[in-house]
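# Chain and residue survey
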Amino acid sequence: MIRQLELSLSPFQASAEAEYRAIAAKKAGVSPEDITHIRILRKSIDARSRNIKVNLLLKLFINELIQEPIVSVFSY
């Protein structure tokens, strides 16, 4: 199952994959071990108040292989 969800986290939680993996699994209602891959689709920072938040839009692959090609090659 592929699922998208949005999280609003502290900078510490957003910096560690283990942290946001556990939070995403809880919000999706699955075990963290069931998530085979997480892809960050969007990351933004909300610094309008004293408590800074990092907004993440995630694509979760739950008990599924990655079906999309990973393209991250840059040439100069």
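Notes on the structure follow. (Residues numbered from 1 in each chain as written. Predicted model: local features only at pLDDT ≥ 70, side-chain atom pairs only at ≥ 80, totals over all residues. Heavy atoms only, no water.)

## Examining the sheet that holds strand β1 (residues 2-9)
As summarised here, the arrangement of the 3 strands in space is β1-β3-β2, forming an open sheet in which the pairing is antiparallel. In this open sheet, the two edge strands, each paired with only one partner strand, are β1 and β2 (35-46). Here the strands of the sheet are splayed against their neighbours by 20° on average, with no regard to which way each runs. By the bridge criterion, 10 bridges tie β2 to strand β3 (residues 53-62) in an arrangement that is antiparallel. Each residue of the ladder has a partner; that of R42, found in β3, is L57. This element, helix α2 (residues 17-28), spans β1, β2 and β3 of the sheet and lies at about 120° to β1. (Pairing = 2+ DSSP bridges. Helix = DSSP H or I, 4+ residues; strand = E, 2+ residues; numbered from the N terminus. Axes fitted to C-alpha atoms, helices over the stretch in contact; angles between N-to-C directions. Contact = heavy atoms within 4.5 Å.)

## Considerations on the nonpolar core
Among the nonpolar cores identified, the biggest contains 15 residues, and L56, L58 and L60 are the most heavily contacted of them. Every element with two or more residues in this core is listed here: β1, α2, β2 and β3. Once residues within four sequence positions are removed from consideration, L56 is found in contact with L5, E6, L7, L9, A14, Y20, I40, R42 and K43. (Core = buried A, V, L, I, M, F, W, Y, C linked by side-chain atoms within 4.5 Å. Buried < 20%, exposed > 50% of the residue type's maximum accessible area, 1.4 Å probe, protein only.)

## Digging into the environment of E17
Note that E17 resides in helix α2. The partly exposed category is assigned to E17, whose relative accessible area is 39%. Sequence spacing of E17 and I38 is 21 residues, and the spatial spacing of their C-alpha atoms is 9.0 Å.

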